[in-house]
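Notes for the structure review
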Amino acid sequence: MSSSTVITGYYRYTDIWFEWPGSLPDPEDGAALKAILAHDALVHPDHPLHIDGVHGVQLYVGTLENGEARLMFSLKQVDYIRYWLHALGMTKEVIPLPYSDCLMTNEELRTVSPITYEDGTALRGALKGIDKNNKKLKGTNTTLAHRRLVFERVRSLWAEKKGVWCAMDFESWERDHTMITEFGWSLVGWKDGEKVEEEGHFCVQDYEWYRNGRFVAENRDVGSLPSCFATEYGLNHAQKNYRFGQTERVKKKDLKTRVADLFSILEGYGTVFLVFHDNSQDIKDLKRLEVPLTNLTHILPDNTPDSGLFVVDTSDLIGALLGDDGGNRRGLEKMCRLLQINPMYLHNAGNDAHYTLEALVQMASGTQVDKQREERWPNQTAAGSLRVKLEANESDYESDDEEIGPRLGYDPETGKLRSPVTDLSENVAENV
């Protein structure tokens, strides 16, 4: 091995706490090490491992190939402790590192993500909680194991604050999904260390009178319709359903160029994480617009590379958090309400993109999956499993096809249908 090779890795918390002090030849050195590793000492703001802005101690959780988790110190933390003890005269010499066999390298771990413990009590209970969840993992299917790995990898990548995370959504006419009626996006990225946030919404002018409402909610701005059309169906022509800016009307022939321009902007950030909620149809729409997706992959990297195009699906993340091991995916509205996000006017592509990214940020910036699950739904995990037992008011959220606000063709006061929605695309030609 070259002398210039830099080794990075992690030590299991149990090896550092239980084994390392006892392996030292001088009992006094062992006692000093044990004192600096004490639970209440580690979380103190004066501890040498304290990080500014972090309340408590930051350790790491690694995921093994079988999906089990391990609480860990980084090699850098362990190395710093032994030099710090000697610098303060608490050990006679720089104590040796733990034996190399207990060092876990990045190649042995599927994911590594930081985890914070605010007080000694939380840290003392950490090992017990992780061991309990590891036992529950035995016998779980590959779907849940995959979702949990994705959840932790997303947390780790998000913590790096590199590249750009862009949520996208398309809406189409319910009777012909090749007719794209809307496109929305919402992004968070970092350039030169500075956070950038942008979002937008396009409506296709050519299809403005092809309105949904029978099978899928219709929530484009009413103002995009001819005034005579809005008047006939009793709609408020000033109603703005896109909640996060101004809707831009674009021609069908220009949509492809405008979406391609957005991708050019995204590439300027280096690594691009495309965020969807149940991605299959949105990726089909991108391909229909001939967006170059040759390098698109669903396999997330261990660390943020200099470039690349990766898919992140929030339906996988909420599935991991809830312990769902089946093939069914929860809709966007259900996910948002479970995360205490109050969505409005869904099935507006701009709104859907915004709420998808907001949900991503909430989960990615939270704690490790098992700890976050317990924080959100305390004492609601089914015995012997990782599945959350939702309360009645949580499991009965209205479906994603029921928007907040009246549909086109419905009386805003009574909610009763005024005219058959399916006939609107035919009737509008007579009114214009």
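The model shown is predicted, which means the values in this text are computed figures rather than measured ones. In this numbering scheme, every chain counts its residues from 1 along its sequence in written order. Selection of residues for local features in this predicted model requires a pLDDT of at least 70, selection of side-chain atom pairs for listing and counting requires 80 or more, and totals for whole chains, interfaces and linings are taken over all residues. Computation of side-chain values: all heavy atoms of the structure, hydrogens and water removed.

1. Things to note about the overall build of the protein chain
Looking only at helices and strands, the protein chain has 15 helices and 12 strands in total. To sort residues, take the accessible area from a 1.4 Å probe on protein chains only and compare it with the maximum for the residue type: under 20% means buried, over 50% means exposed, and anything in between is partly exposed. In the protein chain, which comprises 432 residues, the share counted as buried stands at 51%. By definition, residues are in contact when any of their heavy atoms lie within 4.5 Å. Across the protein chain, contacts joining residues at least 24 apart in sequence account for 68% of those joining residues at least 6 apart. Values of accessible area rely on a 1.4 Å probe in the Shrake-Rupley scheme; residue burial ignores everything except the protein chains shown. Surface exposure of the protein chain reaches about 20,600 Å², of which carbon and sulfur atoms provide 48%. Secondary structure elements are taken from DSSP: a helix is a run of H or I of four residues or more, a strand is a run of E of two residues or more, and numbering for both begins at the N terminus.

2. Describing the sheet that holds strand 8 (residues 194–204)
A pair of strands is labelled paired if DSSP reports no fewer than 2 bridges between them. The strand order across the open sheet built from 7 strands is 9-8-7-6-10-12-11, with neighbouring strands paired in mixed fashion. A single partner strand is all that each edge strand has here, and the edge strands are strand 9 (248–250) and strand 11 (296–297). As judged from the 10 bridges shared by strand 6 (residues 164–173) and strand 7 (residues 176–191), these two strands associate in the antiparallel manner. When the bridges of strand 7 are listed, Ser172 appears paired with Ile180.

3. Notes on empty space enclosed by the protein
Note on definitions: the grid is 1 Å and covers protein atoms alone; a cavity is a set of points where a 1.4 Å probe fits but cannot get out; a pocket is an open set with protein on both sides within 12 Å along at least five of seven lines; lining residues have an atom within 4 Å of a point. Grid points are joined across faces, edges and corners, and a volume is the space filled by probe spheres set on the points. The tally for this structure, following the rule as stated, stands at 2 cavities of 30 Å³ or more. Considered as a void within the structure, the largest cavity measures approximately 60 Å³ in volume. Residue lining of the largest cavity: Thr63, Gly67, Ala69, Arg148, Leu149, Glu152, Gln368 and Val369, and that is the complete set. With 3 residues, the top contributor of residues to the lining of the largest cavity is helix 6 (residues 142–160). In this count, Pro and Cys sit with the nonpolar residues alongside Ala, Val, Leu, Ile, Met, Phe, Trp and Tyr, while Asp, Glu, Lys and Arg are called charged and the others, Gly among them, polar. Residues that form the lining of the largest cavity fall into these classes: 3 nonpolar, 3 polar and 2 charged.

4. What about the sheet that holds strand 5 (residues 111–117)?
Strand order in this open sheet of 5 strands is 4-1-3-2-5, and the pairing throughout is antiparallel. Whereas interior strands pair on both sides, the edge strands pair on one side only; in this sheet they are strand 4 (103–104) and strand 5. As paired strands, strand 2 (residues 57–63) and strand 3 (residues 69–74) are joined by 4 bridges and run antiparallel to one another. Bridge pairing in strand 3 places Gly62 opposite Arg70. Orientation is described by lines fitted to C-alpha atoms, with helices fitted over the stretch in contact, and by angles between N-to-C directions that extend from 0 to 180 degrees. Relative to strand 3, helix 4 (residues 75–87) is tilted by about 45°, and along the sheet it contacts strand 1 (10–12), strand 2, strand 3 and strand 4. In the packing of helix 5 (residues 120–137) onto the sheet, contacts are made with strand 2, strand 3 and strand 5, and the angle to strand 3 comes to roughly 140°.

5. Some points on the confidence of the model for the protein chain
Each residue carries a pLDDT value, the predictor's own confidence for that position, ranging from 0 to 100. On average, the protein chain scores 84 in pLDDT, and the residues at 70 or more come to 84%. Note that residues 1–6 has pLDDT below 50 and, in this model, 1 contact with residues that lie over four places away or in other chains. Here residues 396–432 scores under 50 on pLDDT; set against residues more than four positions off or in separate chains, the count is 74 contacts.

6. Concerning the layout of surface pockets
Gaps between atoms show up when a probe of the same size as a water molecule is rolled over them. Of the voids in this model, the largest pocket is the one considered here, and its volume is about 700 Å³. Among the secondary structure elements, those contributing two or more residues to the lining of the largest pocket are strand 2, helix 4, strand 5 and helix 6. Looking at side-chain class alone, the lining of the largest pocket contains 12 nonpolar, 11 polar and 5 charged residues.

7. As for the packing of helix 6 against helix 12 (residues 349–364)
Running from amino to carboxyl end, helix 6 crosses helix 12 at an angle of 90°, the nearest separation of the two axes being 9 Å. On the basis of their axis angle, the class for helix 6 and helix 12 is roughly perpendicular. Each of Phe151, Val154, Arg155 and Trp158 in helix 6 lies in contact with helix 12, whose residues at this interface are Leu360, Val361, Met363 and Ala364. Looking at side-chain class alone, the contact of helix 6 with helix 12 contains 7 nonpolar, no polar and 1 charged residues. For this classification, under 35 degrees means roughly parallel, over 145 means roughly antiparallel, 65 to 115 means roughly perpendicular, and everything else is oblique.

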